[in-house]
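# Coordinates in review
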Amino acid sequence: MEVVRTVSAFTGALAAARRQGRDVGLVPTMGALHAGHRSLIDRAVAAHDHVAVSIFVNPLQFDRADDLDRYPRDLDADLAQCAEAGVATVFAPGVEEMYPRRPLTSVHVAGVSEPFEGATRPGHFDGVATVVAKLFSAAGTCAAYFGEKDFQQLVVVRRMASDLSMPVRVVACPTVRAPDGLALSSRNALLSDDERRAATVLWRSLRTGAGAVAEGEDRPDAVARVMAAVVAAEPLAELDYAAAVDAADLHVPASLSDVEPVRLLVAARLGQVRLIDNCDGRAMAGSGDGRRPAARRLVHGQGER
Ligand code: PAF
C-alpha cells in the first residue's frame, strides 16, 4: 500500500493504475475509520483492481470550529485498517496541500443541499461538494463509494457529479448498524454511556415511521409526526427534524403514494452530539406486522445486504 500526501502523487498513482489496465475505486473519508467505512472499502476492493482511500478532515464542511477540533483523528489506525483491507493507495493530504490558499471557488448544489442538514449547518454541503469535486478531479475516472448513512450528502454528490459531467460513477452503500440499530458514525465515540443508550431513539423513530407507511399512511406530515413523537419520548434527545421525502431530490411530496422510493430522515441532538439517520420509507412494506425491520442489520463488519 502506498501512502501519498500530495495531489499530484495521488493523481499520478491512479493514472498509472489505469494505464496498467486496472479499474479504479475511490472511497473518500475523513478518517477515524469504523466498520461503516470498512464496508465501503470492502465493497470497493471486491469490485475494483485498484482501490484508493482518501483521508482528509475537510475544514470547509465544518460550520463550527469546536466541531472541527473535536473530530476524531487516528491516522495510524486508519492506515492499518486500509492495509488489512487491501487498499492500494491512501491519499492523506494536509490542509496546506488541499487548500494552499483560500479557495475562491465553491461548489453549490442548489435545492438538494438546502433543506435538512443544509438548513442546520450553513455552508456544510458547499464544503462537502467542493472537497469532493477536488478529490474527483484529482482521482480521474473511477467509481466512488459513499454510505447511505449521510443520505443527503449522497444525493448532493451524485447530482454534482452528474451536473458537472465528472467521470465518476457514484456508488451508494447501505448503512452499517450496531446490533441495537444505531447507525455507525465517528461521532458516536463522543456520546456518554447514557447518551449512547438513548441514541437508539433515531432508529426507533425510523422504524416507527416505516411502520406507519407500511400500514398505509401516505401523508408525509403524519409520518413525520409519529417519528417526532418517538424522539420526544426520549428525555436525553432533542429533535432537529423528522421527515418523509422523495429519495431522488429530497422534496416533501403532497402524498407518499406519488413517489418511489420514499426516504425517512431524522436528526436529533444527544447532549453536545448531533446525530442523523435515515431509512427506506418502505423498509417494512410486506413485513406483515408492520413492526419488523426489513432493513438488514450489520454486526461485526459484514454488509447489511
Ligand atoms: O462523508 C464524509 O466523510 C465526508 O463528508 C467526505 C465525503 C469524505 C467529504 O469530506
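Let me begin by describing the structure that accompanies this report. (Residues numbered from 1 in each chain as written. Predicted model: local features only at pLDDT ≥ 70, side-chain atom pairs only at ≥ 80, totals over all residues. Heavy atoms only, no water.)

### Quick notes on the sheet that holds strand 1 (residues 2-4)
Sheet architecture is open: six strands sit in the order 1-4-3-2-5-6, paired in parallel fashion. Strand pairing shows two members of the sheet lacking a second neighbour, strand 1 and strand 6 (168-173), which therefore form its edges. On average, each strand axis in the sheet is inclined to that of its neighbour by 25°, with strand direction left out of account. Sheet topology places strand 2 (residues 24-29) next to strand 5 (residues 142-147); two bridges connect them, and they run parallel. By the bridge assignment for strand 5, Leu-26 is matched with Ala-144. (Pairing = 2+ DSSP bridges. Helix = DSSP H or I, 4+ residues; strand = E, 2+ residues; numbered from the N terminus. Axes fitted to C-alpha atoms, helices over the stretch in contact; angles between N-to-C directions.)

### Looking at the packing of helix 7 (residues 124-139) against helix 8 (residues 151-163)
Running from amino to carboxyl end, helix 7 crosses helix 8 at an angle of 50°, the nearest separation of the two axes being 10 Å. In terms of orientation, helix 7 lies oblique with respect to helix 8. The handedness of the crossing between helix 7 and helix 8 comes out as right-handed. Contacts between helix 7 and helix 8 involve Phe-125, Val-128, Ala-129, Val-132, Ala-133 and Phe-136 on the former and, on the latter, Gln-152, Gln-153, Val-156, Val-157, Met-160 and Ala-161. In terms of residue class, the contact of helix 7 with helix 8 is made up of ten nonpolar, two polar and no charged. (Parallel < 35°, antiparallel > 145°, perpendicular 65-115°, else oblique. Left-handed = near helix turned anticlockwise from the far one by under 90°. Contact = heavy atoms within 4.5 Å. Nonpolar A, V, L, I, M, F, W, Y, C, P; charged D, E, K, R; others polar.)

### Concerning the packing of aromatic side chains
Scanning all chains against the criterion turns up five aromatic pairs. For the pair Phe-10 and Phe-91, a centre-to-centre distance of 4.3 Å together with 5° between the ring planes defines the contact as stacked. Of the two residues, Phe-10 is situated in helix 1 (residues 7-19) and Phe-91 in strand 4 (residues 89-91); the sequence distance between them amounts to 81 residues. The burial state of Phe-10 is the same as that of Phe-91; both residues are buried. (Phe/Tyr/Trp six-rings, centres within 6.5 Å; stacked < 30°, edge-to-face > 60°. Buried < 20%, exposed > 50% of the residue type's maximum accessible area, 1.4 Å probe, protein only.)

### Quick notes on the sheet that holds strand 9 (residues 273-280)
With antiparallel pairing, the three strands of this open sheet are ordered in space as 7-8-9. In the strand order of this sheet, the two ends are held by strand 7 (237-246) and strand 9, each with one partner. The average undirected angle you get between the axes of adjacent strands in this sheet is 15°. In terms of strand pairing, strand 7 meets strand 8 (residues 262-270) through nine bridges, oriented antiparallel. Residue pairing in the sheet places Glu-238 in a bridge with Arg-269 of strand 8. The sheet contacts of helix 10 (residues 201-214) involve strand 7, strand 8 and strand 9, and relative to strand 9 the element is tilted by about 30°. Across the sheet, helix 11 (residues 220-232) lies against strand 7 and strand 8, angled at about 155° from strand 7, the strand it touches most.

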